[in-house]
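Residue-level listing of the chains:
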Amino acid sequence: MPAFALRLVRSTARLAKVVGAVLALVVAFLLLIVLTDGAGSGLAAWCVTTGLAVAVALRWGRHRTRARRLALFGPVLLAAALTGSVCVPTAPTARRYPPALPSAAMRHWDLSTGSRVAVYHYPPTGSAPRSAVPLVYLNGGPVRGISLLDHRFLRLLASQGHDVYAYEPAGAGRSALLPMDQYSISRSVRDLAAVLDHLGAAKPRSTAKADILGFSSGAVVLTRALATPMVAAHIHRAIIAEPGPMDGPTARIDGQRGRPSARGLAPAMTGPRSTHVPRYAVAFGLMRLGLLTPGTGLIGQAEGDNAFTTADLGSDTASAYCARDAHRIPAEDSARNFSFSPAASLRVQRTVKDSPSLAPRLKHSRVPAMLMIAECSSQVRRWATAVLAADPGIRRTQYLPGVGHHLWNGLDDNNRRAAAVITAFLRDAPAPLPDYPTREDIPAFLRARK
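**Student:** Quick question: what am I supposed to make of the nonpolar core here?
**Tutor:** A general tendency of soluble globular proteins is for nonpolar side chains to be buried together. Counting residues in hydrophobic clusters, the biggest one holds 76 residues, and the most contacted among them are V136, I212 and I235. Per element, the largest residue contribution to this core is 8 residues, and it comes from helix α5 (residues 185-202). Once residues lying within four places of it in the same chain are set aside, the contact partners of I235 are L196, K209, A210, I212, L222, A225, L226 and V367. Counting 31 residues, the second largest nonpolar core, distinct from the first, contains Y122, Y137, L213 and A418.

And the structure:
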């Protein structure tokens with residue numbers, strides 16, 4: 001073999017050994033992160049990994065030349081630098097709340113549950129008849145601030161005579177954080193009950209009840225509230241829009257969704273991503289895989305909230321729009337207003353998955369309700385039909401053509417159509433769309449793959 005080729009083979013072999021050693025140390029570090037649940041911002045795992053690596057390098061270098069001993073420490077130093085980057089925060093570790101919105105009046109309400117939530121009020125405007133019953137909006141998330149796109153829709157509802165209130169769930173937006181172990185779907189329902197109590201005290205001359213519009217995970221909170229008699233007693237009418245899974249058995253259902261969404265078709269979201277930073281890529285990735293708890297010691301809740309960006313949502317945003325809208329998806333929010341808590345959201349979702357069937361309790365609901373379903377919904381169809389089958393209070397279902405999971409998306413006349421459906425139900429007026437699917441239609445609706 002020529003001398004050049006021989007040197008190349010030897011250099012490649014040495015490089016392979018270095019890369020292998022570095023990868024082995026990185027894997028060992030990640031395993032320790034999982035085993036220690038990220039204790040001490042990952043420093044516990046880093047100290048053990050680096051200490052063992054140094055000890056092994058010293059032992060192997062005992063009878064080698066000085067140059068060979070120093071070479072053994074190359075992979076150790078490189079691995080220590082790579083893994084050390086996971087232990088160093090690059091986002092503020094104290095919560096930085098979004099600045100005030102100039103277009104929305106916001107106040108903080110201290111609830112009887114201990115939550116401190118940001119509440120927005122849009123009084124009725126325009127020439128439409130004023131509603132005597134306030135309308136409360138529960139946004140999706142489950143622990144996410146209200147987007148600017150949603151705020152625009154709430155103003156549209158107010159212009160049609162509705163007295164609109166919306167609050168950001170505890171830990172989201174401008175609402176105060178909770179200890180991680182206090183986030184749960186049952187806490188979300190208790191917070192809703194406390195908001196309704198607070199609203200009744202703030203408006204003593206109004207009706208003691210409120211209309212509720214729940215979207216996505218907010219629709220799950222509303223559905224579970226309807227199955228809780230003490231909360232349902234304060235609900236006048238309920239609108240369940242594009243619900244997620246309402247309980248553990250429903251969460252385990254997979255399969256058919258709506259017509260094709262823009263997932264995989266829309267251009268990739270632009271902007272900074274926390275998942276391009278090793279610390280947050282590891283933390284969020286392992287949490288999503290269930291290998292780290294939401295309360296992991298690797299990153300604090302506030303730091304994770306500060307780090308997470310709109311671009312981190314990736315294809316989740318595109319999945320809320322029809323395939324035909326893939327190249328005109330609107331900006332739902334601004335970087336300054338955006339707020340999402342990945343850890344708290346995972347914890348709430350897990351409490352839903354761990355909950356028993358809601359159907360036996362929901363079958364006693366008598367609150368007049370409406371179900372809204374999108375043509376291009378990315379939600380599993382049987383999540384919505386499970387609610388329809390179990391809740392006898394659902395009086396009408398509105399299947400909205402031409403929209404995805406985000407029903408009021410600002411495109412074309414979609415906001416106006418969604419508002420018309422909501423207003424007609426709240427005023428007990430004829431529905432703008434056919435009542436479809438009904439309970440009897442469920443098997444045919446699922447077979448038709450609509």
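Structure shown, so let's carry the discussion forward.
**Student:** What exactly am I supposed to notice about helix α6 (residues 217-226) here?
**Tutor:** In terms of burial, α6 is largely enclosed, as 10 of its 10 residues are buried. Restricting attention to buried positions, one finds in α6 the residues S217, G218, A219, V220, V221, L222, T223, R224, A225 and L226.

**Student:** Would you explain the state of the cysteines in this entry?
**Tutor:** Evaluation of the coordinates by the stated rule reveals 1 disulfide. With a sulfur-sulfur separation of 2.1 Å, C322 is cross-linked through a disulfide to C376. Handedness here is read from the sign of the S-S torsion; for C322 and C376, about 95°, the answer is right-handed. Note that C322 is positioned in the loop between α11 (315-318) and α12 (342-353) and C376 in strand β7 (residues 369-376), a separation of 54 residues in sequence. Cysteine C47 remains unbridged, with the sulfur of C87 as its closest cysteine sulfur at 7.9 Å. The class for C87 is buried, based on a relative accessible area of 7%.

**Student:** I would appreciate a short explanation of the pairing of β7 in the present structure.
**Tutor:** Strand residues, when the strand is regular, have side chains that alternate between the two faces of the sheet. Across the 8 residues of β7, 8 count as buried, placing the element largely inside the fold. In the sheet, strand β6 (residues 235-241) pairs with β7 via 4 bridges, with the strands oriented parallel. Paired with I240 across the strands is L371, a residue of β7. Of the strand pairs in this sheet, β7 and strand β8 (residues 394-404) are connected by 7 bridges, and their pairing is parallel. The residue bridging A369 from the neighbouring strand is I394, located in β8. In the classification by handedness, the crossover that spans β7, the intervening helix α14 (residues 381-390) and the parallel β8 is right-handed.

**Student:** Even after reading the chapter, I still don't get the packing of aromatic side chains, so can you show me in this structure?
**Tutor:** The geometry of two aromatic rings is summed up by the distance between their centres and the angle between their planes. Inspection of every chain in the model, using the stated rule, returns 11 aromatic pairs. Relative to Y165, the ring of W109 has its centre 6.3 Å away and its plane inclined at 40°; by these criteria the two rings are tilted. Of this pair, W109 sits in strand β1 (residues 105-110) while Y165 is found in strand β4 (residues 164-167), placing the two residues 56 residues apart along the sequence. Here W109 and Y165 have matching classes, each one buried.

**Student:** Explanation requested: the pairing of β4 in the structure shown.
**Tutor:** Neither face of β4 is open: one carries V164 and A166, the other Y165 and Y167, and all of them are buried. As defined by bridge partners, strand β2 (residues 116-122) adjoins β4 across 4 bridges and the pair is classed as antiparallel. Along β4, the bridge assignment pairs Y122 with V164. Between the parallel pair strand β3 (residues 135-138) and β4, the chain is carried across by helix α4 (residues 148-159), and the sense of this crossover is right-handed.

**Student:** I tried to follow the environment of E440 on my own but got confused; where do I start?
**Tutor:** Turning to its location among the elements, E440 is positioned in the loop between α15 (414-426) and α16 (442-447). Owing to a relative accessible area of 67%, E440 belongs among the exposed residues under this scheme.

**Student:** Help me understand the sheet that holds β1 in this model?
**Tutor:** The strands making up a sheet are joined through hydrogen bonds of the backbone, oriented either antiparallel or parallel. Taken in spatial order, the 8 strands of this open sheet run β1-β2-β4-β3-β5-β6-β7-β8, and their pairing is mixed. Looking at the sheet topology across the chains shown, the edges are occupied by β1 and β8. When the angles between neighbouring strand axes are averaged without regard to direction, this sheet yields 25°. Relative to β6, strand β5 (residues 210-215) runs parallel, the two sharing 5 bridges. Of the residues in β6, the one forming a bridge with A210 is I235. Contacts from α4 reach β2, β3, β4 and β5, with the element oriented near 45° to β2.

The rules behind each value
Residues numbered from 1 in each chain as written. Predicted model: local features only at pLDDT ≥ 70, side-chain atom pairs only at ≥ 80, totals over all residues. Heavy atoms only, no water. Core = buried A, V, L, I, M, F, W, Y, C linked by side-chain atoms within 4.5 Å. Buried < 20%, exposed > 50% of the residue type's maximum accessible area, 1.4 Å probe, protein only. Helix = DSSP H or I, 4+ residues; strand = E, 2+ residues; numbered from the N terminus. Contact = heavy atoms within 4.5 Å. Disulfide = S-S within 2.5 Å. Pairing = 2+ DSSP bridges. Right-handed = clockwise from strand over helix to strand, strands pointing away. Phe/Tyr/Trp six-rings, centres within 6.5 Å; stacked < 30°, edge-to-face > 60°. Axes fitted to C-alpha atoms, helices over the stretch in contact; angles between N-to-C directions.

Purely geometric numbers; function is a separate question.
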